[in-house]
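Here's the letter readout for the chains.
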Amino acid sequence: MTHHRFTLLVLALTALQGCANTPSAEAQLRGAQPIEAQISSAKSALTEEETQQKRFEAWKTDFINRATSKGYDRALVTSVIQPAIINELALERDSDQPEFTKPVWSYVDNAVSPDRLNTGTSKLIENEEVFNAIEARYPVPRHILTAIWGLETAYGRIMGSHDVVSALSTFAFEGRRTAFGEEQLFAILDMLAADQVRTEQLTGSWAGAMGMTQFIPTTFRDYAVDFNSDGNKDLWGNPYDALGSAAHYLSRHGWRKNEPVMIEVAVPSGFDYSLSETATKTVDEWKALGVRPMTGERWTENQSPLSAEMIAPAGHKGPILLTFKNFYVIKKYNNSTSYAMGITVLGDALRGVQTLHTDWPREDQALSFEDKQKMQVKLTELGFDTKGVDGQIGPNTRRAIRAWQKSNGLPAEGYMEQKLFKRLMTS
Ligand SMILES: [Ca+2]
């Protein structure tokens, strides 16, 4: 949105420069507005930009005052906030994160690309001592940490070079994420006050995620560790600190040593897919329903009592998986099923294990944003309430899809592609 405004300003300024003497050839070709109108629109664009700057400066003053009244040191807050500038990217919508819009197989394929797998294999060898030390302190295995490192920043290659205070100040200043921005800025003040990091280290993504494992400030403040005990939590340059912090985070969120993350399964014909995503059962209970590992191996005694859910992220034609506690611990890192699958598949590949055996239904065509909205309207009209029309397929929409599928004698897997969508829309 602000990009658009900025473009208008540049266009208006260009037009102004062009008409200092006579209208430019380009302006004449475009059938330009009268000069007065050009000047007036350039002025109003300028004014808008100026007003935004003024509002931003006013926000800084207000934030500094509020932080001071909360007990933060005024000199510290001022030195952190005063230099902030508006980050244009941070003003854009953040709805295009790949794990939320790509088909699941596109995300998983990319996660386990040959380059990521090869580099990860080298990183495991290069950092053997780092991983030995981390595994001695935390229950999280090295191949999972390496997969996080690889997916978050391509093993530290792409960490983002945005000034994080500016990016988060932009969020805090105005828009949909003001509360998030403020909370993160306070976390940065806490980190600096506690001498965890130095101000000049605070670079990251436009969304405020920092270092090799992309910790946002609240996560950094609460979970980052100075693993090598040198007095600085260096998640940008030190693999002990970065990977140790990721291990600490997963450990504190309940990682269970030596338990599986996700296992592909085969189900008997006529299986009730409406159990997927809705039922939590022990492996023994799944076994009693005829669910068995896709590899043909038997469930082990250790696995029998473990709780697991079933997911079928691309419907019954794609891989069907039992997901265990550790799967949901990974989702605490990034709340996306595709992300957790990507981490598991890459992590398994890094230890020489193949997670998925069934190929994805790649011929299926995903629904567009508009089609997803149409589907939500239609399902709700038919009495299967999606609890809103937002073009995002969340648990409520999947529940509605399942109910509609069940009532039509279809596998109730909660997944819909073009073919099924057409059937729904003509019903
Ligand atoms: Ca350190």
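About the cut-offs
Residues numbered from 1 in each chain as written. Predicted model: local features only at pLDDT ≥ 70, side-chain atom pairs only at ≥ 80, totals over all residues. Heavy atoms only, no water. Buried < 20%, exposed > 50% of the residue type's maximum accessible area, 1.4 Å probe, protein only. Helix = DSSP H or I, 4+ residues; strand = E, 2+ residues; numbered from the N terminus. Pairing = 2+ DSSP bridges. Donors = N, O, S within 2.8 Å, 3.2 Å for Na, K, Ca; no water. Tetrahedral: all angles 85-135°; square planar, octahedral: opposite > 155°, others 65-115°.

Q: Explain the pairing of strand E3 (residues 262-266) here, please?
A: Regular strands show a simple pattern: their side chains alternate between the two faces of the sheet. With five of five residues buried, E3 lies mostly within the body of the structure. Of the two faces of E3, the one holding Met262, Glu264 and Ala266 and the one holding Ile263 and Val265 are both buried throughout. Where E3 meets strand E7 (residues 320-324), four bridges bridge the pair, whose relative direction is antiparallel. Across the sheet, the residue bridging to Val265 is Ile320, located in E7. With two bridges joining them, E3 and strand E5 (residues 292-293) adopt antiparallel strand pairing. Paired with Ala266 across the bridge in E5 is Arg292.

Q: Hey, could you run me through the coordination of the calcium ion in this one?
A: Ideal coordination angles are 109.5 degrees for a metal with four donors arranged tetrahedrally and 90 or 180 degrees for a metal with six donors arranged octahedrally. Looking at the calcium ion, one finds its protein donor set to be Asp226 (OD), Asn228 (OD1), Asp230 (OD), Asn232 (O), Asp241 (OD) and Asp241 (OD), positioned 2.1 to 3.0 Å from the metal centre. Angles of 48 to 164° at the metal separate the six donor atoms of the calcium ion, which places the site in the irregular class. Motif for the calcium ion, donor spacing along one chain: D-x1-N-x1-D-x1-N-x8-D. For Asp230, a relative accessible area of 48% corresponds to the partly exposed category. Using a relative accessible area of 9% as the deciding quantity, one classes Asn232 as buried.

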